[in-house]
Amino acid sequence: MTFLHLVGNEVTKMLRKRRFQVVLIILFAMMAVFAYGEKQASLALARQIGTSNWQAQLQQQISHAENRLHSPFISNAEKAVLQATIKEGQFELAHNINPSAPGAVSFMKSFMDQGITLLVPLLVIVIASDMVSSEMSGGTIKMLLTRGVARWKVLASKLGALFLLIAMLVGAIAVSGYAVSGIFFGYQGWRLPVLMGFQTTSTGYVNLSHVYTVPQWEYLLMSYGLGFFVSLCIGSLSFMVSTLVRSTASGMGIMMAALIGGTLLSVLATNWSIAKYLPVVNLQLSGYLNGSPPPISGMTFPFSLAVLTVWSVAALAVSFIVFIRQDVMG
Amino acid sequence: MEEPVLSVRGLEKQVRGRTLVKDVSFDVYRGQVFGFLGPNGAGKTTTIRMLVGLIRPSRGQVVINGHDLQKNPSAALRSVGCIVENPDLYPYLSGWENLYQLAVMQGRAAVERIERIADLVHLSDRLHDKVRTYSLGMRQRLGIAQALLCEPKLLILDEPTNGLDPAGIHELRSFLRDLAKDGMSVFISSHLLAEIELLCDSVAIIRAGTVIRTGSVDALITEASPTVVWRVGSQDTAARTVLQKYAANGVVEPVDGGFHANMTDDAVAAAAAELARQGCRLYEVTRRRATLEDVFLQATGGGTT
């Protein structure tokens, strides 16, 4: 008997339960809706502005942002976002880089950039919340723990299976994004240049001195890598909740409430600086790639990585300690 | 005396100051069918969960096949097959997949045994159907197949007859008897006393978390059957005098066609000899045999018969 067999068991159970397949179907449906919506939006924009020339469109967006910037009603955080948008747009115009060049690859990029804070974590939660609690509520945990296999090994095999499934999920996001959006935008765009190295502070100061371009495929590798990292972190947190809470439904509820609460917090509580130590506020890792300002001042890329790592490791430690020590009562 | 397969000493479990199980001790030997009796809530399931390492005892020791369960749980559990409460199955997997999941945890040899064990519990026909479609009896049999995968020396079954029809119970009984004949020890908890009486060699009776009686079924029943029925020729006073001499406390109760008296086996022999010497006509002597239910009710103080 090897550890890989145990991981295989867990993956089999997950696939036979069809939970993973349901997640994939949700994913495909959303891809189709988003791609269609984005296509319609770009057509509508072209109609409104009266041209499909991207330079003219971008120029319009910049002047719109500049007008809003002078409004007395917007908050500092909103101001920072606008300033970043303006600077980036001007830079792109000056260097003749079309930020919204259509194509399946650009769609993949914007899907992960947008989805990393909420959508991708939600899908991960659906998978991860079930891992341990379903065995507890189904009673099958008794069989797993009385077969002469150490408890930590049983739990580690579940964790291994979860990480494997998360990798498959991130892969599925990339593949389905490419396949579905290509129908609408065409399957091109791997080599389009993407601007990197904008540094925006939360006060709205944009530093352009380190800006450079990378081909889009390279950007995708980075952003999907970060998406995978965020998914692992959310997966670890859900895994802990799954070992602590016997009911899958309440475990899922707890994680979703935390996630959505964190998203709200990063919009509302920009002045409450302790919030930056919460994992759910640090999920916007792709923001550090494309230069959006961080939700709370003082957050940097290494800081967010560190916060996520510390929380994940702590969550896994709690899971293992509780799982190994607990009495399995009726 | 040979080494017991399962040896339990001074087992105790406290949860938040409440004592669920206290000072439970017993031994189960090779080839023995051991019954664990008690009313609902007496601590049967808590004890069984401690025997298979699901619950950590607050005090006491469990030794299975020479391995201390606390110090070396993996080695101890490798020779145990169990069903705790219900057969624990994945309804969305087939019977074969359910067996495979567990067999893989126990090594290649267990995987090779799957077909043979499925055959043993008469599940071969439906083995590749989803467990969701199984009847209760089939689930019970699949649970037993799971427990047998590791070729256990000790089989622990918690309320195995729950939900079985009379034919199923009968089948299970002869199946377990056969396993015990081949040298497997079987530990069964139940509150169905007639079942246990038919099946078990020895029993432990637990009440309110404490074992109040242990022993072989025969010995316990004999002990609980003190009354001997004497059928004698007539209501003669000579016979009565003789019986009073040997009866416990000298109490003899006249009934239609004879007397009832509480006596040991030795006293019965001596009394019969003296009756013969005195020329009394003795037609029949029988001990009124108690059932395990009587033993149980006497022991648990639930009433007397």
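All values derive from a computational prediction rather than experimental measurement. (Residues numbered from 1 in each chain as written. Chains lettered and ligands numbered in written order. Predicted model: local features only at pLDDT ≥ 70, side-chain atom pairs only at ≥ 80, totals over all residues. Heavy atoms only, no water.)

Participant: Got a minute to help me understand the overall build of chain B in this structure?
Facilitator: Along its length, chain B carries 11 helices and 14 strands. Projected onto its principal axes, the C-alpha positions of chain B cover 75 × 45 × 35 Å. Each of the 305 residues in chain B was classed as buried or not, and the buried ones make up 51%. For chain B, long-range pairs separated by at least 24 residues make up 68% of all intrachain contacts whose partners lie at least 6 apart in sequence. Element-wise, carbon and sulfur atoms account for 48% of the exposed surface of chain B, whose accessible area totals about 14200 Å². Side chains of chain B give 34 positive and 35 negative charges; the mean places of these two sets differ by 5 Å. (Helix = DSSP H or I, 4+ residues; strand = E, 2+ residues; numbered from the N terminus. Buried < 20%, exposed > 50% of the residue type's maximum accessible area, 1.4 Å probe, protein only. Contact = heavy atoms within 4.5 Å. Areas by Shrake-Rupley, 256 points an atom, 1.4 Å probe, with all protein chains shown as cover. Lys, Arg positive; Asp, Glu negative; His and termini not counted. Charge placed at Lys NZ, Arg CZ, Asp CG, Glu CD.)

Participant: Any chance you could explain unusual backbone geometry here in plain terms?
Facilitator: Across residues other than glycine, the phi torsion is negative in most instances, and most of the peptide bonds are trans. Residue and element names in this part refer to chain A. Its identity as a non-glycine residue notwithstanding, Arg18 has a phi of 65 degrees, on the positive side. Looking at the element boundaries, Arg18 is found in the loop between α1 (3–16) and α2 (19–49). Backbone geometry places Asn96, a non-glycine residue, at a positive phi of 60 degrees. Among the secondary structure elements, Asn96 is positioned in the loop between α4 (76–94) and α5 (104–115). Relative accessible area serves as the criterion here: at 52%, Asn96 is assigned to the exposed category.

Participant: Got a minute to help me understand the nonpolar core in this structure?
Facilitator: The nonpolar side chains of a soluble globular protein tend to be buried with one another. One finds A:Leu169, B:Leu6, B:Phe26, B:Leu51, B:Ile156, B:Leu176 and B:Phe187 to be the most contacted residues of the largest nonpolar core, which totals 160 residues. The leading source of residues in this core is helix α9 (residues 151–185) of chain A, at 15 residues. Among all residues touching B:Leu6, those that are not within four sequence positions of it are B:Phe26, B:Asp27, B:Val28, B:Leu51, B:Val62, B:Val63, B:Ile64, B:Leu154 and B:Phe187. Judged by nonpolar contacts, the second largest core, of 16 residues, contains B:Trp230, B:Val232, B:Leu243 and B:Ala271. (Core = buried A, V, L, I, M, F, W, Y, C linked by side-chain atoms within 4.5 Å.)

Participant: Teacher, can you tell me more about the sheet that holds strand β3 (residues 33–37) of chain B here?
Facilitator: Paired through their backbone hydrogen bonds, the strands of a sheet run either parallel or antiparallel. Residue and element names in this part refer to chain B. In space, the 6 strands of this open sheet follow the order β6-β7-β8-β3-β9-β10, with mixed pairing throughout. At either end of the open sheet lies a strand with only one pairing partner, and these are β6 (80–83) and β10 (210–216). On average, each strand axis in the sheet is inclined to that of its neighbour by 15 degrees, with strand direction left out of account. Examined bridge by bridge, strand β7 (residues 154–158) and strand β8 (residues 185–190) share 5 bridges and lie parallel to one another. Residue pairing for β8: Leu154 is matched across the bridge by Ser185. Where helix α5 (residues 136–148) meets the sheet, it contacts β6 and β7, and its direction lies at approximately 160 degrees from that of β6. Seen against the sheet, helix α6 (residues 166–181) touches β3, β7 and β8 and runs at an angle of roughly 155 degrees to β7. (Pairing = 2+ DSSP bridges. Axes fitted to C-alpha atoms, helices over the stretch in contact; angles between N-to-C directions.)

Participant: What should I look at first to understand the packing of aromatic side chains in this one?
Facilitator: How two aromatic rings sit relative to each other is set out by the distance from centre to centre and by the angle between their planes. Residues and elements named next belong to chain A. All told, the structure shown has 16 aromatic pairs over all chains when counted by the stated rule. Positioned over the ring face of Tyr219 is Lys109, at 5.4 Å from the centre of the ring. The ring of Phe303 has Lys276 lying over it, and the distance from NZ or CZ to the ring centre is 5.7 Å. (Phe/Tyr/Trp six-rings, centres within 6.5 Å; stacked < 30°, edge-to-face > 60°. Lys NZ or Arg CZ within 6 Å of the ring centre and 35° of its normal.)

Participant: Mind showing me how you'd approach the pattern of salt bridges here?
Facilitator: Close approach of charged atoms allows side chains of opposite charge to pair. Under the criterion given, the structure shown has 25 salt bridges over all chains. Measuring nitrogen to oxygen at the nearest pair gives 3.4 Å for the salt bridge that ties B:Arg116 to B:Glu151. Of the two residues, B:Arg116 is situated in helix α4 (residues 108–120) and B:Glu151 in the loop between α5 and β7; the sequence distance between them amounts to 35 residues. In this structure, B:Glu195 and B:Arg173 form a salt bridge, with 3.2 Å as the shortest nitrogen-oxygen distance. Residue B:Glu195 is located in helix α7 (residues 193–199), and its partner B:Arg173 is located in helix α6; the two are separated by 22 residues in the primary sequence. On the basis of relative accessibility, which here comes to 18%, the residue B:Arg173 falls in the buried class. Put simply, A:Glu10, A:Lys13, A:Glu135 and A:Lys158 are held in one network by salt bridges that share partners. (Salt bridge = Lys/Arg side-chain N within 4 Å of Asp/Glu carboxyl O.)

Participant: How do you make sense of the interface of chain B and chain A when you look at a structure like this?
Facilitator: Often, the extent of an interface is quoted as the loss of accessible area upon association of its parts. Across the boundary between the two partners, chain B contributes 33 residues, which contact 31 residues of chain A. Counting each side, the surface lost to burial between chain B and chain A is near 2800 Å², with a carbon and sulfur contribution of 54%. Of all residues in chain B, B:Leu54, B:Asp88 and B:Met105 give up the largest surface area on contact with chain A, accounting jointly for 25% of the area buried on that side. Summed over the shared surface of chain B and chain A, the number is 4 salt bridges. Contributing elements (two or more residues each) for the side of chain B that touches chain A: β1 (6–15), α2 (73–77), β6 and α3 (95–105) of chain B. (Buried area = accessible area lost by both parts, 1.4 Å probe.)

Participant: Can you help me understand the environment of B:Gly35 in this one?
Facilitator: Residue and element names in this part refer to chain B. With respect to the helices and strands, Gly35 occurs in strand β3. Look at Gly35 and you get buried, because its relative accessible area is 0%. In this structure, the C-alpha to C-alpha distance between Gly35 and Leu157, residues 122 residues apart in sequence, is 9.8 Å. Once residues lying within four places of it in the same chain are set aside, the contact partners of Gly35 are Ile188, Ile196, Cys200, Ser202, Val203 and Ala204.

Participant: Teacher, can you tell me more about the sheet that holds strand β14 (residues 282–287) of chain B here?
Facilitator: Residues and elements named next belong to chain B. Spatially, the 4 strands line up as an open sheet ordered β12-β13-β11-β14, and their pairing is antiparallel. Edge positions in the sheet fall to β12 (252–255) and β14, since each of these pairs with one other strand and no more. Neighbour-to-neighbour, the strand axes of this sheet turn through a mean angle of 20 degrees, independent of strand direction. Direction of pairing for strand β11 (residues 227–232) relative to strand β13 (residues 258–262): antiparallel, over a ladder of 5 bridges. Its bridge partner lying in β13, Trp230 is registered against Phe259. Along the sheet, helix α9 (residues 237–246) makes contact with β11, β12 and β13, crossing β12 at roughly 145 degrees.

Participant: So what exactly am I meant to see when it comes to a nonpolar patch on the surface here?
Facilitator: A contiguous nonpolar surface patch, about 480 Å² in accessible area, is contributed by A:Leu118, A:Ile260, A:Leu264, A:Val267 and A:Leu268. Looking at the secondary structure, you find A:Val267 in helix α11 (residues 248–268). (Patch = residues over 30% accessible without salt bridge, like charges linked within 9 Å, V, L, I, M, F, W, Y side chains within 5 Å.)

Participant: Help me out: how do you make sense of the domain arrangement of chain B in this one?
Facilitator: Taken domain by domain, chain B comprises domain 1 (6–221) and domain 2 (226–288). Look at where the C-alpha atoms of domain 1 of chain B and domain 2 of chain B centre, and you get two points 46 Å apart. (Domains from an automatic or database assignment.)

Participant: Is there a simple way to explain the packing of α3(B) against α5(B) in this structure?
Facilitator: For any two helices packed against each other, one specifies the inter-axial angle together with the distance between the axes. All names here are of chain B. Contact pair α3 / α5: the axes reach a minimum separation of 9 Å and the direction vectors enclose 25 degrees. With respect to α5, the axis of α3 lies roughly parallel. The handedness of the crossing between α3 and α5 comes out as right-handed. On the side of α3, the interface is formed by Gly95, Asn98, Leu99 and Leu102, while α5 contributes Leu142, Ala145 and Gln146. Looking at the contact of α3 with α5 residue by residue, the classes come out as 4 nonpolar, 3 polar and no charged. (Parallel < 35°, antiparallel > 145°, perpendicular 65-115°, else oblique. Left-handed = near helix turned anticlockwise from the far one by under 90°. Nonpolar A, V, L, I, M, F, W, Y, C, P; charged D, E, K, R; others polar.)

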